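Summary of structural features
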Amino acid sequence: MPLGLSRREIWREAPGRFVSWLLPESCRFCSAPGTAICDDCHRELPRLPADGCSWCALPVNADGDCPVCSIEAPSYDYTFCPFVYTHPLAAAISAWKFHGGLDWTRPLAQAWLRTWTTESLPARPGALLPVPAHPARLAERGYNQAALLARHWARAYRIPLRDVLRRTRNTPHQVGGSRDQRRANLQSAFTLRGKLPAHIALVDDVMTTGSTAEALAQLLKAQGVQRVDLWILARAL
Ligand SMILES: [Zn+2]
Ligand SMILES: [Zn+2]
């Protein structure tokens, strides 16, 4: 299954592409004619502060410290995430992920791309790696939305897309055990095959606690990757 994309998913995206080519597009949020997310709605999407924590993108306190990373520095290096996971993006992401709304892939991927001008383009990694979905979830949903985003962004920036991470088991919310035990448990849910450049970016649609990103960053750094950035569509506050 190349790039975590199933044949079914590729075909399911095809009608949407055909329809959008055939019909004039209108804004998904306000119905204004033109693009899938109009300029006004794009401007009004809930955003994380531009001067937030460079590690995890969360707002910093009055002293400029991140309430999370100042306690313990994460293993990843930078998070590039423009949006807050709330209305109206949360509903769009949910339709995209859970209700087969594959025609959301392009508008959402482009909303992220429109945030960076050429000058503010995130530092250029040597490869993009989608955060893998568990095979059972992939089979049930038919696609991994992180892989869909990564494919768009890799194409837009001409950065190689590397599908080298696998999730070997599901990791439900973990309770009990020490933080180190929970981390080790989460980290052992992933495997990595193949060599990677020194600087990579992990791609995911939503970041909540950051524990998955932390586990993957630790795994990647243990394998010799020097810098791990996160390219995330939306972050839960
Ligand atoms: Zn609009
Ligand atoms: Zn932080």
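Whatever comes next refers back to the structure up there.
Now for a look at the structure at hand. Note that the structure is predicted; figures quoted are calculated from it, not measured.

A few words on the state of the cysteines. Here the structure, examined in full by the defined rule, presents zero disulfides. Looking at the unpaired Cys81, the closest cysteine sulfur is the one in Cys56, lying at 9.9 Å.

Bringing unusual backbone geometry into the picture now. Omega for the peptide link from His87 to Pro88 comes to 0°, which places this bond in the cis form. With respect to the helices, strands and loops of the structure, Pro88 is situated in the loop between strand S2 (83-84) and helix H3 (89-98). Although it is not a glycine, Ala57 sits at a positive phi angle of roughly 75°. By secondary structure assignment, the location of Ala57 is in the loop between helix H2 (39-44) and strand S1 (78-80). Given the relative accessible area of 6%, Ala57 is considered buried. A positive phi angle, near 55°, is found at Arg158, a position not held by glycine. In this fold, Arg158 is placed in the loop between helix H6 (145-157) and strand S4 (165-167). On the basis of relative accessible area, Arg158 is assigned to the exposed category, the value being 72%.

Definitions and limits used
Residues numbered from 1 in each chain as written. Chains lettered and ligands numbered in written order. Predicted model: local features only at pLDDT ≥ 70, side-chain atom pairs only at ≥ 80, totals over all residues. Heavy atoms only, no water. Disulfide = S-S within 2.5 Å. Helix = DSSP H or I, 4+ residues; strand = E, 2+ residues; numbered from the N terminus. Buried < 20%, exposed > 50% of the residue type's maximum accessible area, 1.4 Å probe, protein only.

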